[in-house]
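Observations on the three-dimensional arrangement
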Amino acid sequence: MKKILFALAISVIATVASAKLPPLSDEAKAKAAETKAKAEHGTKVAAYQLCLSQDKVAGKFADKSKAATPGPCVNPGAFVPEIAAAPAAVVSAAAAPAVAVKK
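The rules behind each value
Residues numbered from 1 in each chain as written. Predicted model: local features only at pLDDT ≥ 70, side-chain atom pairs only at ≥ 80, totals over all residues. Heavy atoms only, no water. Disulfide = S-S within 2.5 Å. Helix = DSSP H or I, 4+ residues; strand = E, 2+ residues; numbered from the N terminus. Salt bridge = Lys/Arg side-chain N within 4 Å of Asp/Glu carboxyl O. Buried < 20%, exposed > 50% of the residue type's maximum accessible area, 1.4 Å probe, protein only.

Turning our eyes to something else, we now look at the state of the cysteines. Applying the stated criterion to the full structure yields one disulfide. The disulfide that involves Cys 51 links it to Cys 73, with 1.9 Å between the sulfurs. With the S-S bond torsion at -80 degrees, the cross-link from Cys 51 to Cys 73 turns out left-handed. Of this pair, Cys 51 sits in helix α2 (residues 26–61) while Cys 73 sits in the loop between α2 and α3 (85–101), and the two are 22 residues apart along the sequence.

What follows is the structure in structure tokens.
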């Protein structure tokens, strides 16, 4: 019984290991890049909020005469997604013949 289960497990593992995923499409790559950019921006916002809260607590408990002033907190601003270069190239290529036809 153990030999059969072992052989079955090995065949399942070999089948899964030999399967390949298809390459990502351009849309999937763009969405992944946007998700990564949103996550990085979220990290910056979290660091900014932490900086503000640390300054607030330090302001309450620190002696004003002896306290060293920390650097200012930098607000990262609102998230602005980047426009992908590939769709812009497609739009400009599509617009070029329209301009050439115009007299």
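So, next bit.
Here the focus is the pattern of salt bridges. Counted by the stated rule, this structure contains one salt bridge. The salt bridge involving Lys 38 is made with Glu 34; its shortest N-O contact spans 3.9 Å. One end of the pair is Lys 38 and the other is Glu 34, both in helix α2 and four residues apart, which spans about a single turn. Owing to a relative accessible area of 47%, Lys 38 belongs among the partly exposed residues under this scheme. Judged by its relative accessible area of 35%, Glu 34 falls in the partly exposed class.

The next thing to look at is the side chain of His 41. Tracing the backbone shows His 41 in helix α2. On the basis of relative accessible area, His 41 is assigned to the buried category, the value being 17%.

Distances and angles like these do not, on their own, reveal function.
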